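# Notes for the structure review
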Amino acid sequence: MSLYDDAVLVLKGYEGQDELRQSYLDHLAAHPDGMWKACHAGHVTASALVIDPERGRVLLTLHRKLRMWLQMGGHCEPGDATVAAAALREATEESGMAGLTLLPGGPVRLDRHPIPSPCHWHYDVQYAALAPAGAVAAISDESLDLRWFGYDEVASVADESVVRLLAATRARL
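Please read all numbers here as calculations on a predicted model, not as lab measurements. (Residues numbered from 1 in each chain as written. Predicted model: local features only at pLDDT ≥ 70, side-chain atom pairs only at ≥ 80, totals over all residues. Heavy atoms only, no water.)

### Remarks on the packing of helix α1 (residues 3-13) against helix α2 (residues 18-30)
Following both chains from N to C, one finds α1 and α2 inclined at 155°, their axes separated by 10 Å at the closest point. When the axis of α1 is compared with that of α2, the two are roughly antiparallel. Note on packing geometry: the crossing formed by α1 with α2 is left-handed. In contact with Tyr4, Ala7, Val8, Leu11 and Lys12 of α1, α2 contributes Arg21, Tyr24, Leu25, Leu28 and Ala29. Split by residue class, the contact of α1 with α2 holds 8 nonpolar, no polar and 2 charged. (Axes fitted to C-alpha atoms, helices over the stretch in contact; angles between N-to-C directions. Helix = DSSP H or I, 4+ residues; strand = E, 2+ residues; numbered from the N terminus. Parallel < 35°, antiparallel > 145°, perpendicular 65-115°, else oblique. Left-handed = near helix turned anticlockwise from the far one by under 90°. Contact = heavy atoms within 4.5 Å. Nonpolar A, V, L, I, M, F, W, Y, C, P; charged D, E, K, R; others polar.)

### A few points about the pairing of strand β7 (residues 121-130)
The side chains of a regular strand alternate, first on one face of the sheet and then on the other. Across the 10 residues that make up β7, a large majority, 8, are buried. Pairing analysis gives 9 bridges linking strand β1 (residues 43-52) to β7, with the strands arranged parallel. By the bridge assignment, threonine 45 is partnered in β7 with aspartate 124. Sheet analysis places strand β5 (residues 101-102) next to β7, joined by 2 bridges and oriented antiparallel. Among the inter-strand pairings, leucine 102 is bridged to a residue of β7, identified as alanine 129. With 6 bridges joining them, strand β6 (residues 109-114) and β7 adopt antiparallel strand pairing. (Buried < 20%, exposed > 50% of the residue type's maximum accessible area, 1.4 Å probe, protein only. Pairing = 2+ DSSP bridges.)

### Digging into the pattern of salt bridges
Enumeration according to the criterion identifies 8 salt bridges in this entry. Between arginine 147 and aspartate 145 there is a salt bridge, with its nearest N and O atoms 2.6 Å apart. Beyond isolated ion pairs, a larger network of salt bridges with shared partners links Glu77, Asp80, Arg89, Glu90 and Glu93. (Salt bridge = Lys/Arg side-chain N within 4 Å of Asp/Glu carboxyl O.)

### Section: α1
Residues of α1 that are buried: Leu3, Asp6, Ala7, Val8 and Leu11. For α1, the elements touching its buried residues are α2, α3 (83-95), β6 and β7.

### Details of the packing of aromatic side chains
Going through the model one piece at a time under the given rule, you end up with 2 aromatic pairs. Judged by centre distance (5.1 Å) and plane angle (90°), the ring pair of tyrosine 24 and tyrosine 123 falls under edge-to-face. Of this pair, tyrosine 24 sits in helix α2 while tyrosine 123 sits in strand β7, and the two are 99 residues apart along the sequence. In this structure tyrosine 123 comes out as buried when scored by relative accessible area, which is 7%. With a centroid separation of 5.0 Å and 80° between ring planes, the pair formed by tryptophan 69 and phenylalanine 149 is classed as edge-to-face. Of this pair, tryptophan 69 sits in strand β3 (residues 69-70) while phenylalanine 149 sits in strand β8 (residues 143-150), placing them 80 residues apart in sequence. Of the two residues, tryptophan 69 and phenylalanine 149, neither departs from the other in class, the shared state being buried. Positioned above the aromatic ring of tryptophan 148 is the side chain of arginine 57, whose terminal nitrogen or guanidinium carbon lies 4.0 Å from the ring centre. (Phe/Tyr/Trp six-rings, centres within 6.5 Å; stacked < 30°, edge-to-face > 60°. Lys NZ or Arg CZ within 6 Å of the ring centre and 35° of its normal.)

Next comes the structure, spelled out in structure tokens:
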């Protein structure tokens, strides 16, 4: 199965956010290359909020280009077998942590957001990744900083998309 086919199956099985989910499916139907950064009409991305529920905190990255505190995530790559695998790969690369596991149940949320030219949209499929006990984070080249924030601190440092992702993740827990 191709990554494109996996994305369509994941989205068809995702419950909630019906209009937004349908816009993802419509985009992919209109753009067979919609999984890749080269699709300038917009493309699917995969992200994961790294969470440590035992300590009530999440790991956010200060994105190098956007200069915003965000969850880990990014573009799908040809070696990604599934959207979930892309999210886990991105979370592992950007957090520097081995042993992350995705929260069961598939994506936690969808978030479509505009991006600078030449592209138009990121169709982000958002997961949550559980940090293993004792895991130590390491800043990647894509980050200016990497930091743990308590659940109650997230709204003061991150935008509404991250706040909504945290709320959906906590509801799933």
